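This is what each chain is made of:
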Amino acid sequence: ESPNARAAAAYALGDMREQSESVIAALTGCLAETTDSQVRQAVAEALGKYGWRAIAAGSSLKQLTDDSDPAVRTAAERALKKIDAREQNDRKVMSN
């Protein structure tokens, strides 16, 4: 599998909304397996699209905030913000 194909697959998975648990687990697993920065960035961006549902990927994304590639770091930071923001919004809605 080429890095371009894996990155394209990650972007496509980020747009899926069905079976989010399975998709998030697959994306998180991809982070553990890849050394390609383009793929890491694509996976981080895809996970961010899932918002609070990707909370299980939080530790993997936090590790990417120290990545050697600034684009990967930025993507991971944005994803973590989306996960946290949506989680906080959901908590507010549930408490009202």
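The structure this text deals with has already been given above.
Cut-offs used in this document
Residues numbered from 1 in each chain as written. Predicted model: local features only at pLDDT ≥ 70, side-chain atom pairs only at ≥ 80, totals over all residues. Heavy atoms only, no water. Helix = DSSP H or I, 4+ residues; strand = E, 2+ residues; numbered from the N terminus. Buried < 20%, exposed > 50% of the residue type's maximum accessible area, 1.4 Å probe, protein only. Contact = heavy atoms within 4.5 Å. Areas by Shrake-Rupley, 256 points an atom, 1.4 Å probe, with all protein chains shown as cover. Axes fitted to C-alpha atoms, helices over the stretch in contact; angles between N-to-C directions. Parallel < 35°, antiparallel > 145°, perpendicular 65-115°, else oblique. Left-handed = near helix turned anticlockwise from the far one by under 90°.

Draft legend 1. Structural detail: the overall build of the protein. Looking only at helices and strands, one finds five helices and zero strands in the protein. Starting at the N terminus and ending at the C terminus, the protein contains elements arranged as α-α-α-α-α. The 96 residues of the protein split such that 38% are buried. Put simply, 64% of the contacts in the protein that link residues at least 6 apart link residues at least 24 apart. Working note: accessible area of the protein is about 5,800 Å², and carbon and sulfur atoms make up 49% of it.

Draft legend 2. Up close: the packing of helix H1 (residues 3-14) against helix H2 (residues 20-33). One way to put it is that H1 packs onto H2 with a least axis distance of 11 Å and a crossing angle of 155°. Relative to H2, H1 is oriented roughly antiparallel. Like other packed secondary-structure pairs, H1 and H2 cross with a definite hand, here left-handed. Together, Arg 6, Ala 10 and Leu 13 of H1 and Val 23, Leu 27, Cys 30 and Glu 33 of H2 make up the contact between the two elements.

Draft legend 3. Quick look at the side chain of Thr 28. Along the chain, the position of Thr 28 falls in helix H2. What Thr 28 contacts, discounting residues up to four positions off in sequence, is Leu 47, Ala 57 and Ser 60.

Draft legend 4. Summary view of the environment of Ser 60. For Ser 60, the position within the fold is in helix H4 (residues 58-64). Assessed through its relative accessible area of 18%, Ser 60 is described here as buried. It is 7.4 Å that separates the C-alpha atoms of Ser 60 and Leu 31, two residues lying 29 residues apart in sequence. When neighbours within four sequence positions are excluded, Ser 60 is seen to be in contact with Thr 28 and Leu 31.

Just distances and angles here, no functional claims.
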